[in-house]
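Understanding the architecture of this molecule
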Amino acid sequence: MAVCDKSNPGIERVGVYVDGFNLYYGLRDLGGRRHLWLDLHAMATRLLRPHQRLVAISYFTATILNDPPAKARQEAYLAATVSRGVQVVMGRFQEQAVRCHSCGTIRRTYPRPG
C-alpha cells in the first residue's frame, strides 16, 4: 500500500502486509525449505521504487500447534523478523471438527490455509 507523504512531496510512504501462512506454503512449494528464512525487510526494500519510502511491515501469523520442533523454529524466525523492524501480528487457528465417515468419530483439526 502506497500513500503520498505530505511532508515530502513526490515521495510515497509504503506499508507492506504479509500473510505469513500463505507466504510459508508458497515458499515451501517453490523450493522446499531453502527459502523459508526470507528476510522480509530486505525483500520489501528491494521492491521499492526510487520515489517510495518504507514505513512499516506487518507480518500476520498464528502459533503453530501440536508440533514443538516446528513451533521452536517459528519462534526463532519471528524473533529474527522482529529484530529487522517487522511488526508481528499474532492470530489463532480456526479449529475445525472433522467426522470420520466410517466410524463417526469426531476429531479436532486446524486446516491449512488457502
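My aim in this report is to walk through the structure given alongside it, one point at a time. (Residues numbered from 1 in each chain as written. Predicted model: local features only at pLDDT ≥ 70, side-chain atom pairs only at ≥ 80, totals over all residues. Heavy atoms only, no water.)

1. A look at the packing of aromatic side chains
Put simply, the rule reads: Working definition: rings of Phe, Tyr and Trp (its six-membered ring) pair if their centres are within 6.5 Å, and the pair is stacked with planes under 30 degrees apart, edge-to-face with planes over 60 apart, and tilted otherwise. Counting from the N terminus, the helices are DSSP H or I runs at least four residues long and the strands are E runs at least two residues long.
A complete count under the given rule lists three aromatic pairs for this structure. Measuring from ring centre to ring centre gives 5.4 Å for W37 and Y77, while their planes differ by 90 degrees; the resulting arrangement is edge-to-face. Placement of the pair is W37 in the loop between α1 (20-31) and α2 (40-47) and Y77 in helix α3 (residues 68-83), with a sequence separation of 40 residues. On the basis of an interplanar angle of 65 degrees and a centroid distance of 6.0 Å, the ring pair of Y59 and Y77 is categorised as edge-to-face.

2. Side note on α3
Rules: Helix span, expected: 1.5 Å multiplied by one less than the number of residues in the helix. Note on definitions: a residue-residue contact is assigned when non-hydrogen atoms from the two residues lie within 4.5 Å.
Spanning 16 residues, α3 covers 23 Å between terminal C-alpha atoms, matching the ideal 22 Å at 1.5 Å per step. Elements in contact with the buried residues of α3: α1, α2, β3 (52-62) and β4 (87-91). Two residues or fewer after α3 comes G85, characterised by a positive phi angle close to 90 degrees.

3. A short note on the environment of R92
Our working rule: Any residue under 20% of the maximum accessible area for its type is buried, any over 50% is exposed, and the rest in between are partly exposed; the area is computed with a 1.4 Å probe on protein chains only.
By secondary structure assignment, the location of R92 is in the loop between β4 and β5 (96-99). A residue is classified by how much of its surface remains accessible, and R92, at 68% relative accessible area, is exposed. Taking the C-alpha atoms as reference points, R92 and A62, 30 residues apart in sequence, are found 4.8 Å from one another.

4. Focus on the side chain of Q74
Our working definition: Contacts described as polar in this section are N or O atom pairs within 3.5 Å, which, within protein, must combine one atom able to donate a hydrogen with one able to accept it, while residues neighboring in sequence count only if both atoms come from side chains.
Its location among the elements puts Q74 in helix α3. For Q74, a relative accessible area of 11% corresponds to the buried category. Here A62 takes part through its backbone oxygen, which lies 2.8 Å from a polar atom of the side chain of Q74. Leave out the neighbours within four places in its chain, and Q74 touches F21, T61, A62, T63 and I64.

5. Describing α1
For the record, the criterion: For this quantity, the arc is that covered by the directions from the helix axis to the C-beta atoms.
A rise of 1.5 Å per residue sets the reference length of α1, with its twelve residues, at 16 Å; its end C-alpha atoms lie 16 Å apart and thus fit the reference within 8%. Here α1 has its buried residues at G20, F21, Y25 and L27. Buried positions in α1, seen along its axis, are confined to an arc of 165 degrees and lie on one side of it. Exposed positions of α1 whose direction lies more than 90 degrees from the buried face are D29 and L30.

6. Some points on the pairing of strand β6 (residues 106-109)
What counts, and what does not: A pair of strands is labelled paired if DSSP reports no fewer than 2 bridges between them.
Both β5 and β6 contribute to a ladder of four bridges, which runs antiparallel. Within β6, the residue paired with A97 across the bridge is R108. Between β5 and β6, which pair antiparallel one after the other, the connecting turn spans six residues, and G104 there sits at a positive phi close to 85 degrees.

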